[in-house]
Amino acid sequence: MARPGYDVAAAEVGVVHLGVGAFHRAHQAVYLDEVMARGAKGWAIAGASLRAPDTFDALAPQDGLYTLAVRSGAGDALRVVGSLRRLLVAPRDPEALLTTMCDPKVRIVTLTVTEKGYCHDPASGTLDAAHPDIRADLASPLRPRSAPGFLVEALARRRAAGTRPFTVLCCDNLPANGETVARVTARLAALRDPDLGRFVAGEVAFPSTMVDRIVPATTDADRALVAGALGVADAWPVMAEPFSQWVIEDRFPAGRPPLEEVGAQMVADVAPYEHMKLRLLNGAHSTLAYLGFLAGHEHIADAMADPPFARLVERLQDEEITPTLTVPPGADIEGYKRALRERFRNPALRHRTWQIAMDGSQKLPQRLIATARDRLAADASIDFLALAIAGWMRYVAGRDEQGGAIDVRDPLAAKLRARADEAGLAADRLAPALLAVREVFGADLPADPRFSGAVTAALDDLLRGGAAGAVGRLVTR
Ligand code: CS2
């Protein structure tokens, strides 16, 4: 089994990561592990959890080392990742995290705090100043809670100390993620002090990235599998597919690791890559998550093994998503889609539809709704997108097709549920009740009869004939 090819004990921290979950550990941490194995010094990671201490509790006793299991139909390849050199738990000790973020040797702060971790309004991409964590951070800025709160306080302290700002590298699936996080962070800074706001907007670099690797949540069965293969227990291994991609806007005034040497693509403009990935991969993922879950498919691979669902992905991608994309330089879109569908079929990755269905209110705007907006601007059809969005509506109403409760995880779950309960399960009431949620749909789409008409018709079909029926009818139409 592969082990870190460098002296782990001597590695110096140069990156602070906020949100040290499975995705980070199977993606950015692996690239940095490889950078250090090739001899670059000073790029180890101090990883902070902003909420639960479970990662710390699992990994601290094993000195931050953990196993990455790369799974495919061909078997599992295991390796030990060493780049995570320090672990922190922000709520336990916010000061320790701030001190680390202010270390002059730290040149980059990377983030994977999920879409909702930026406390923004998903439809407009602006800071939600009424968010409870943002209000708390404005009330006690020296003891932040939110990711933007930590960024602002650490940047303010570095500025006061005359230390050059770190580069902020968002690795979440947000639209124009660098720009979005810059906007949110600068706004929070400005609410504290207009001068600090100008500093963040003018002096801090927020390059955009496109990140891609499918990393399902680790299960107890995965732990047992890794323990069996290793002969020792790993409290929290991560499981991932073989594919990995990282496209990064090359704008790092404080310096950066030689990521291009380990497979990252350093580019001038991430936008075409991001659209391709968020729309083709994540858009299809969310579609399979809602409609697949409703049809009784527990995993993405199960849904892909059901021919009408596989056809749905193909037609959604080919007919409605692809025409909205600008092809990245040198990319082969047809090959990309074929590879994606193959990745979805990976039998060894047990990626639950329920997991992907989480936080839909934060995901739909960039995954499906922006695509629908582009299609409507071109006066083109949105039948597949509409069924996917209707699937989300049916799902967040909180009852499955047998009447059982769905455990809906979403920051807006209570609001969505209240609206759905009031409307009842009739498309002509449920669709307008949920379309009126501005955080998701904005103000324009609910007022567009082409959009509301298509979504209401799809929801009607879904409610009458079930997800499997609706998918089957749509793909043979
Ligand atoms: C998934 C993503 O959970 C989700 O919403 O769509 O985590 C997806 O697996 C990654 O973006 C793949 O890069």
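One can find the structure itself at the top, above this paragraph.
Everything numeric here is computed off the predicted structure, so don't read it as measured data. (Residues numbered from 1 in each chain as written. Predicted model: local features only at pLDDT ≥ 70, side-chain atom pairs only at ≥ 80, totals over all residues. Heavy atoms only, no water.)

A. Here's a closer look at the side chain of Glu 249. By secondary structure assignment, the location of Glu 249 is in strand S12 (residues 245–249). In terms of polar contacts, Glu 249 uses its side chain to reach the backbone amide nitrogen of Ser 208, at 2.9 Å. Among the polar contacts listed, one links the side chain of Glu 249 to the side chain of Arg 251, at a separation of 2.8 Å. (Helix = DSSP H or I, 4+ residues; strand = E, 2+ residues; numbered from the N terminus. Polar contact = N/O pair within 3.5 Å; in protein donor to acceptor, adjacent residues only side chain to side chain.)

B. Layout of the pairing of strand S3 (residues 66–72). The buried count for S3 comes to six of seven residues, which makes it a mostly enclosed element. One ladder, built from seven bridges, connects S3 with strand S4 (residues 75–81); its direction is antiparallel. Each residue of the ladder has a partner; that of Val 70, found in S4, is Ala 77. Linking S3 to S4, which pair antiparallel, is a turn of two residues. (Buried < 20%, exposed > 50% of the residue type's maximum accessible area, 1.4 Å probe, protein only. Pairing = 2+ DSSP bridges.)

C. The packing of helix H12 (residues 307–321) against helix H16 (residues 383–396), seen in detail. Interhelical geometry of H12 versus H16 gives an angle of 125° and a closest axis separation of 9 Å. As judged from the angle between their axes, H12 and H16 are oblique. Across from Leu 312, Arg 315, Leu 316, Glu 319 and Glu 320 in H12, the residues of H16 making contact are Asp 383, Phe 384 and Leu 385. (Axes fitted to C-alpha atoms, helices over the stretch in contact; angles between N-to-C directions. Parallel < 35°, antiparallel > 145°, perpendicular 65-115°, else oblique. Contact = heavy atoms within 4.5 Å.)

D. Region of interest: the nonpolar core. Membership of the largest hydrophobic core comes to 80 residues, with the highest contact counts inside it found for Leu 18, Leu 97, Met 101, Leu 151, Trp 246 and Leu 259. With seven residues, helix H6 (residues 147–161) is the single largest residue contributor to this core. Dropping the residues within four chain positions of it, Leu 97 is found in contact with Val 16, Leu 18, Ala 48, Leu 50, Leu 88, Ala 90 and Phe 150. One finds Trp 354, Ala 372, Ala 390 and Leu 434 within the second-largest nonpolar core, a separate group that totals 73 residues. (Core = buried A, V, L, I, M, F, W, Y, C linked by side-chain atoms within 4.5 Å.)

E. Region of interest: the packing of aromatic side chains. Taken as a whole and judged by the stated rule, the model has five aromatic pairs. The interplanar angle of 65° and the centroid separation of 5.3 Å between the aromatic rings of Tyr 290 and Tyr 395 together place this pair among those described as edge-to-face. On the criterion of sequence distance, the pair formed by Tyr 290 in helix H10 (residues 271–294) and Tyr 395 in helix H16 is long-range, its members being 105 residues apart. We note that Tyr 290, like Tyr 395, is buried. Centre to centre, the rings of Trp 392 and Phe 441 are 6.0 Å apart; their planes meet at 65°, and the pair counts as edge-to-face. Placement of Trp 392 in helix H16 and of Phe 441 in helix H19 (residues 438–441) is noted, with a sequence separation of 49 residues between them. We classify Trp 392 as buried; its relative accessible area is 0%. On the accessibility criterion, Phe 441 (0% relative accessible area) is buried. Clustering of aromatic rings is evident, with ring pairs tying together Tyr 290, Phe 293 and Tyr 395. One cation-aromatic arrangement involves Arg 25 over Tyr 66; the distance from NZ or CZ to the ring centre is 4.7 Å. (Phe/Tyr/Trp six-rings, centres within 6.5 Å; stacked < 30°, edge-to-face > 60°. Lys NZ or Arg CZ within 6 Å of the ring centre and 35° of its normal.)

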